[in-house]
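So the chains spell out like this:
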Amino acid sequence: MGAAAMQSLLPVKQVKQHVCTFALYAHDPKREVETHHYASRLNQDFLQCAVYDSDSAAARLIGVEYIVSRKVFDTLPADEQRLWHSHAHEIKSGLWASPRVPGMLEKPELDQMAATFGKFWCTWQADRGDRLPMGAPALMVSPQADPAATVRPALVRKRDDRYGFSTEELRAARADVEAPAEEHPGQADYWLRHRKGFAVDVVPHEMKRHAPFP
């Protein structure tokens, strides 16, 4: 209570949006999870999201996602682009949703977000029963219009029933959302096109004795 009264907590107060969507593990896309992104916008080309496993008071912080515009994405080297996923299908399909926000208010943001790219690191694999964040972070990818990247209908229905909306109706309402002409530009969604995911391994490494300067 003392900290809340005396500290500004400005970074946390910049969170302006809650988005509920789904994500797949890049190293095992059959594992699908519902995710809750609490987003803050640093500028028109960059958002940062704290990702939780629910929207309850006891929600667990399971990762972080960074979201950039196409303008920023195009400046990234090819090796870096391979770690990023596109959002167009996720949004147009209705999987990306802002609970309790009317569609009319959501529409302008959707038009902009459909052309963005995300890099999502999961730090707590709560879906496998981990009671604490264990091991290395896992790269996550977004649902796509491909049998290898779809979300189980039961998982989507469970989300829809909780919030009282229909993903099918959201999809129909978003028919006019502008999607990029190029579905997977650059090296985005690399795992889907090449059927090769990415996994992080923690290995011993010789420590540097002298830090570079400056």
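For the structure given in this document, a descriptive report is provided here. (Residues numbered from 1 in each chain as written. Predicted model: local features only at pLDDT ≥ 70, side-chain atom pairs only at ≥ 80, totals over all residues. Heavy atoms only, no water.)

**Some details on the packing of aromatic side chains**
For the structure shown, the criterion picks out 5 aromatic pairs. Measuring from centroid to centroid gives 5.6 Å for Tyr38 and Tyr52, while their planes differ by 90°, and the two rings are edge-to-face. Of the two residues, Tyr38 sits in strand E2 (residues 28-43) while Tyr52 sits in strand E3 (residues 46-52), which places them 14 residues apart along the sequence. Exposure remark for Tyr38: the relative accessible area of 22% places this residue in the partly exposed category. Ring centres of Phe73 and Phe117 lie 4.1 Å apart, and the angle between their planes is 10°; this geometry places the pair in the stacked category. In this pair, Phe73 sits in helix H3 (residues 70-73) while Phe117 sits in strand E6 (residues 117-122), placing the two residues 44 residues apart along the sequence. Overall, Phe73 belongs to the buried group, its relative accessible area being 0%. Between Arg31 and the ring centre of Tyr25, over which it is positioned, the NZ or CZ distance is 3.8 Å. (Phe/Tyr/Trp six-rings, centres within 6.5 Å; stacked < 30°, edge-to-face > 60°. Helix = DSSP H or I, 4+ residues; strand = E, 2+ residues; numbered from the N terminus. Buried < 20%, exposed > 50% of the residue type's maximum accessible area, 1.4 Å probe, protein only. Lys NZ or Arg CZ within 6 Å of the ring centre and 35° of its normal.)

**Some points on unusual backbone geometry**
For Arg100, which is not glycine, the phi dihedral falls at a positive 70°. Here Arg100 shows up in the loop between helix H5 (88-92) and helix H6 (103-113). The backbone phi angle of Asp189 is positive, close to 55°, even though this residue is not glycine. Looking at the element boundaries, Asp189 is found in the loop between helix H8 (167-173) and helix H9 (190-194). We classify Asp189 as buried; its relative accessible area is 0%.

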